[in-house]
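Chain residues, written in single-letter form:
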Amino acid sequence: MEEAFPAFPFLPFGKYKSGSILTSSHNRTTMNKLLVLLFFLLGSSALFAQPACPDGELSLIVNIRTDNWGYETSWNITTAQGELLYEVEAGTYSDNTLFQTQVCVPDSTCIAFHIEDSFGDGIVDPGYFLLELEGDTIAFGQDFGDGTIVNFNCQPSQSCDSPLEVTTDIIYSATFDDSWFLFSPDSVGIYDISTCGMNECDTKIWIYDTCEGNGLAEDNAGTIFYDNDQTDCAPQALITSYFIPGATYLIRIGDHEDACPDTTDINFMISYSGPVVGCMDPTSCNYNPLATVDNGECLPQGDPNCPDGPDLLMRQDVLETSIYLSSKFADDECLIEEGCMNGYGMRDIIRFSTRIDNIGELDYYIGEPSTDNTQFTWNNCHNHFHYDGYAEYVLFDENGTEIPIGFKNGFCVIDLGCDTGSAQYGCGNMGISAGCYDEYWSALECQWVDITDIPDGDYTFVTRVNWDNAPDKLGRIEKDSLNNWAQVCIKLDRSSGEVALEINPDCPPYFDCAGTPYGNLQPDCEGICGGTAIKGDLDGNGVQEMIDAQAYVGQVLSEGLEATPCNDLSGDGNISVYDAALLASCLNYGKEHDHDGEGLHDHCQFPAGINNTLDTAWITILDNNPEEQYIDIGLKNPTAYINAYQFGIEGLMVLNVESLADDQIYDIEPYNNLTGSTIVGISYDGLLLEKSADFQPLCRIYYASTTADTICLTDFVDGVNHNYEKVTSVSDYSCVELVTTNTEDIDMAASVLVSPNPFRNKAIVNFPNPNGLAHQLLLMDANGQVLRQYDDINTDHLLIERNDLPKGVYFYRLSSAKGQAFGKLCIQ
C-alpha cells in the first residue's frame, strides 16, 4: 500500500514496497528540540494525518531529522528472513530537514529497522531518528556510529534483543533459523551448553556478551565462546567453560550451512558441572586462579612436584597448510585502524590460520579484561575486549628487514578446543588451559596480511605469540619461547600481470641483522643494525619534535629536501605536507593513543601513509578580485574532515595567504612560497576543517603581481583527513583571465641586484630609485613569515646584516608606489 499524507506533498524518495513520505523544513535548533519533545509526548500521529494500513499490517512511522550531512544517512526495513520492505539510500536526504515516512509492515512478522551513517558518527544533534509503531514510540537515536538495528514485533528468541531467558537442566528448543537465549548463572563454576545427543543434524553454538555489532556471522567473530565440531560430540556442539554469576550471556543456537531442515527444531540444554576445585593459595606454584573450592593440595614454590609452567606453541603445520592468496575490497575504517589493511579499494591479501596450543603443565592465565588493565583494549569491530599483542604477523625481506605491513592481532583468548585438558576460559576471563588451544581460521576477518604494495621478491612470513616471553597475569614464565614462532618462506611474482604466491618448502630459520635466530634487532632508517637514527628527526638532534614537523613545511615550500627512508614518513617517495601531518600526529597522539571505542593505536610507526580512495576532496577558484588583487580558493570535502592540504597555483607572485575557514574550528595560518607555486595549510594541533558537500571557502591568496594572462590552479597535491590518510585530491585546474599583466612590477624585479648572494655576514640590495621614492623591504623565511621590516628607504640600496639569522634560504619583497619585486637571499 502506498499513500500520500493529505496535508503534505508526497516525495518519492527511496525504494519501497509500501510507504509514503512527508517533508518539512526546520532550521532552528530550539524548534527541533521542541518537536522531538512533542513526538515523545503526543506521538507524531497526533501532529500529522496518516493513512490507515490494510488488515494484517501495522503502521510504522519513520521520522528522520537530518543534521548538516543528510546525504550520509540511509536506512531500510526488512523481515527477520531478510526480505526488503523499504529502503532509503545514502544521498537521498537534504540537510537539516525533517522527513517522515510511513511503511506498512506485516503484523505477524519480526521486523528489523537498519539505519546507517556513511561517515560513522550517527546523526548529530539536533538531528535524530524516531520510530513509532501504531502511534507508540518504540525507538529514538542519534549517536549510533556507523549504524544500529532496531528489532520489533518479534517473538521471543527470534532476535538478539528479544532473547528467551533460560536456566539449567531443561531441554529447550530453537525454533528459528537462528534462535537467541539469555542465560544468567546463579553459581560460579563450569557449565556445559550442549546440543549433543538431542539432534541428528550438524549444529553450532555461539555465545556473545552483547548484541551490538555481532550480526549473524557463521564463524566465531565477536563471540566469547564458540563451538563447531571442536569436541568429541561433533557434528553436535558442546561448550564447556567457566561462567560467573551476575553476568548475562547471549546464546545463539543454529546449524552449520543449513544442515537442519527449517521444520526441525534444534534442542539444547545447559547443565552445571560444579565449581572449579584446586589450589587457592596465590603464593603456591600450582595456584588455580579460577578455583573457588580449595582441594588442600597447594605446593610451595620450589617443591619438586611443582608443575613446570605454561608453554605456548605456535602451530607451524597449521600455518603451512592454511596459507593462500586472496583479495578483498577494503572500505571499512575499522580494518585500517586495526592495521589489518594498509589501504582502501581492492587489496591483495595472504590468508592463513593461527592456532596456539598450550603444551605446558600450567594454564597460561591472562585474566579478566577491564579498562584499567593495560593488557587489554576494547575493540569496536568485535565489541569485546582483546588481549593486546596476543599474536603478531610480520614479513621480512631477504636482508632480514621487517616490511611495514604486519600488525598485532589481539584475539579474545579462549579455550576453543582441548586435546588433553579441560576447557575453562572465555572472553570474560581469558587464558589457555594446559592441554587446550585457541584457533582463528583463515576465513576470519583480519586473518591475513595485506601485500598489495609489496614488491615482487622472496620473503619470510612469520606468525608469533608472546614473542618477548612476557609472564602471564600470575607471573608464570613460559618454559620455551623458541616454539612461539612459525614461519613460511614465500615468493611474490607479478610477471604474469597478476600477483602469484609461491611457497618455498626449504625455509631456513630467520636470523635478525645481528645474526640471532628469531631475534628482534632491526637496522635503523640509515641501514645501521641496532642504530639510533629516528624517522622524522629532520634536525638530527635525536628527538622527534614539532619543530621537525614545521621544518617539513619549510622544505616543501623551498623544494629543498630529497626523500630518504629517514624523512619520507608516508613512504610515497615524495616530501609533502602529508609527512608533516604524520609527524604532528605522532607527536600529538604517540604510540599508545586511545581511540574511543577502538583501543590503543600507534601513530609513530613509519612509513604510515595510506591513500584513501573512498574519500575525495576538490579545490576550485571561487572568486577573483583584481582591484584588491586576491584569489579565493574553495574546498569540497563531503566524506572527510581535513587536517592539512597542499596545492599549486601559477600566474602570480604571492604576497600572502589567509585562511577563510571558521577560526573557532580550524584556526590555522596557511603558508606560501613567494613564487606562488605552492600553498600549504596544516593544523599541527590536529584541528579539522568540517565536511561540506558544497565548495566552502578555504583560503584567500593576495598577490603582488601577475606573471601571465591567467591565474590557474595546478595540482592538488595533498588533502589529509581526520584519520591522517591521504584523500583522493582533485583540482579542477580552473583559471581566471586577466586583462594585462603588471609589466612594471616584472621590470622592477629584473632590475634588483643582491650582492653577494649567497652571503655570510652582509649583503647589499641595489635597485633603481632616481626619484628617491620611499621603499619598504620585508625579509621572510621559507614559510612566508616576516622576520625583518625595513621602512622609508629613500636611497637606491640597503645593507642587510646577518646578525642572528641562521644559514638557509630567505625571501625579500621590495615595494614602492611604483611596484613590487620579489627575490631570494641565501645565507651560508
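From a predicted model like this one, the values you see are computed outputs, not experimental measurements. (Residues numbered from 1 in each chain as written. Predicted model: local features only at pLDDT ≥ 70, side-chain atom pairs only at ≥ 80, totals over all residues. Heavy atoms only, no water.)

Undergrad: Could you clarify how one ought to interpret the overall build of the protein chain in this entry?
TA: Along the backbone of the protein chain there are six helices and 56 strands. With 828 residues in all, the protein chain has 51% of them scored as buried. Partitioning the intrachain contacts of the protein chain with sequence separation of at least 6 by distance along the chain shows that 66% fall at a separation of at least 24. Accessible surface, the protein chain as shown: approximately 35,700 Å² in total, 48% of it carbon and sulfur. (Helix = DSSP H or I, 4+ residues; strand = E, 2+ residues; numbered from the N terminus. Buried < 20%, exposed > 50% of the residue type's maximum accessible area, 1.4 Å probe, protein only. Contact = heavy atoms within 4.5 Å. Areas by Shrake-Rupley, 256 points an atom, 1.4 Å probe, with all protein chains shown as cover.)

Undergrad: Any chance you could explain the state of the cysteines here in plain terms?
TA: Covalent bonding between the sulfur atoms of two cysteines defines a disulfide. Counted according to the given criterion, the structure contains 15 disulfides. Across the disulfide from Cys201 sits Cys260; the S-S distance is 1.9 Å. Across the S-S bond linking Cys201 and Cys260, the dihedral sits near 95°, which makes this disulfide right-handed. Placement of Cys201 in the loop between strand 14 (189-194) and strand 15 (203-208) and of Cys260 in the loop between strand 18 (249-255) and strand 19 (266-274) is noted, with a sequence separation of 59 residues between them. Owing to a relative accessible area of 6%, Cys260 belongs among the buried residues under this scheme. (Disulfide = S-S within 2.5 Å.)

Undergrad: Before we go on, may I ask you to explain helix 4 (residues 546-558) in this structure?
TA: Residues lying three or four places apart along an α-helix face the same way, a consequence of the helix completing one turn every 3.6 residues. With 13 residues, helix 4 extends 19 Å from end C-alpha to end C-alpha; this agrees with the ideal 18 Å at 1.5 Å per step. Residues of helix 4 that are buried: Asp548, Ala549, Tyr552, Val553, Gly554, Val556 and Leu557. Buried residues in helix 4 make contact with helix 5 (577-589), strand 42 (642-650), strand 44 (671-672) and strand 45 (679-682). In the stretch just after helix 4, Glu559 is the one whose phi turns positive, near 55°. (Expected span 1.5 Å × (residues − 1).)

Undergrad: What is the right way to read the sheet that holds strand 19 from this model?
TA: The strands making up a sheet associate through backbone hydrogen bonding, with each pair oriented either parallel or antiparallel. Within the open sheet, the four strands sit side by side as 12-19-14-17. Their pairing is antiparallel. For this open sheet the edge positions go to strand 12 (172-174) and strand 17 (238-243), each flanked by a neighbour on one side alone. Sheet twist, expressed as the mean angle between neighbouring strand axes with direction ignored, is 30°. By the bridge criterion, three bridges tie strand 12 to strand 19 in an arrangement that is antiparallel. Across the sheet, Ser173 pairs through a bridge with Asn267, a residue of strand 19. (Pairing = 2+ DSSP bridges. Axes fitted to C-alpha atoms, helices over the stretch in contact; angles between N-to-C directions.)

Undergrad: How should the side chain of Asp202 be read in this particular structure?
TA: Relative to the helices and strands, Asp202 resides in the loop between strand 14 and strand 15. The side chain of Asp202 is buried and forms no salt bridge, while Lys204, the nearest opposite charge, is found at 7.8 Å. If we ignore the near neighbours within four places in the chain, the residues touching Asp202 are Asn228, Asp229, Pro235, Asp255, His256, Ala259 and Cys260. (Lys, Arg positive; Asp, Glu negative; His and termini not counted. Salt bridge = Lys/Arg side-chain N within 4 Å of Asp/Glu carboxyl O.)

Undergrad: Explain the confidence of the model for the protein chain to me, please; I cannot follow it from the model alone.
TA: In low-pLDDT segments, the atomic positions of the prediction should not be examined closely. Per-residue confidence for the protein chain averages 86 on the pLDDT scale, and 88% of its residues sit at or above 70. Under a pLDDT of 50 for its full length, residues 740-746 has, in the predicted model, 15 contacts with residues more than four places off or in other chains. (pLDDT = per-residue confidence, 0-100.)

Undergrad: I would appreciate a short explanation of the pairing of strand 45 in the present structure.
TA: Along any regular strand, the residues point their side chains to alternate faces of the sheet. In strand 45, alternate side chains face the same way, and those of Ile679 and Gly681 on one face and Val680 and Ile682 on the other are all buried. Relative to strand 45, strand 42 runs antiparallel, the two sharing four bridges. Across the sheet, residue Tyr645 finds its bridge partner in strand 45, namely Gly681. Bridging between strand 44 and strand 45 involves two bridges; their strand directions are antiparallel. Pairing of Tyr671 across the sheet is with Val680, part of strand 45.

Undergrad: Looking at this structure, how should I read the pattern of salt bridges?
TA: Pairing between side chains of opposite charge can happen when their charged atoms approach one another. Scanning all chains against the criterion turns up 20 salt bridges. Here Lys479 and Asp308 are joined by a salt bridge, their closest N and O atoms 3.7 Å apart. Of this pair, Lys479 sits in the loop between strand 35 (457-465) and strand 36 (485-493) while Asp308 is found in the loop between strand 21 (293-294) and strand 22 (312-314), placing the two residues 171 residues apart along the sequence. On the basis of relative accessibility, which here comes to 41%, the residue Lys479 falls in the partly exposed class. When its relative accessible area of 55% is taken as the criterion, Asp308 is described as exposed. Between Arg347 and Asp453 there is a salt bridge, with its nearest N and O atoms 3.0 Å apart.

Undergrad: Please explain the layout of surface pockets as it appears in this structure.
TA: Taking a probe equal in size to a water molecule and rolling it over the atoms shows the remaining empty space. As a volume, the second largest pocket reaches approximately 480 Å³. Lining the second largest pocket we find 17 residues, and of these Gln550, Ala551, Gly554, Gln555 and Asn783 sit closest to its centre. Sorting elements by how many residues they give to the lining of the second largest pocket places helix 4 first, with seven residues. (1 Å grid on protein atoms, 1.4 Å probe; cavity = no way out; pocket = protein on both sides within 12 Å on 5 of 7 lines; lining within 4 Å. Points joined across faces, edges and corners; volume = space filled by probe spheres on them.)

Undergrad: Can you help me understand the nonpolar core in this one?
TA: Nonpolar side chains in soluble globular proteins tend to be buried together. Residues Ile207 and Ile251 are the most contacted members of the largest nonpolar core, which totals 79 residues. With residues near it in sequence (within four places) discarded, Ile207 still touches Ile193, Thr223, Ile224, Phe225, Ile239, Phe243, Tyr249, Leu250 and Ile251. Among the nonpolar cores identified, the runner-up in size contains 29 residues, and Val654, Ile679, Leu689 and Leu738 belong to it. (Core = buried A, V, L, I, M, F, W, Y, C linked by side-chain atoms within 4.5 Å.)

Undergrad: Got a minute to help me understand the sheet that holds strand 24 (residues 345-351) in this structure?
TA: Strand order in the open sheet formed by three strands is 23-24-34, and the pairing between neighbours is antiparallel. Unpaired on one side and paired on the other, strand 23 (324-330) and strand 34 (448-450) mark the two borders of the sheet. With strand direction ignored, the average angle separating the axes of adjacent strands in the sheet is 40°. As defined by bridge partners, strand 24 adjoins strand 34 across three bridges and the pair is classed as antiparallel. Bridged to Ile349 within strand 34 is Asp450.

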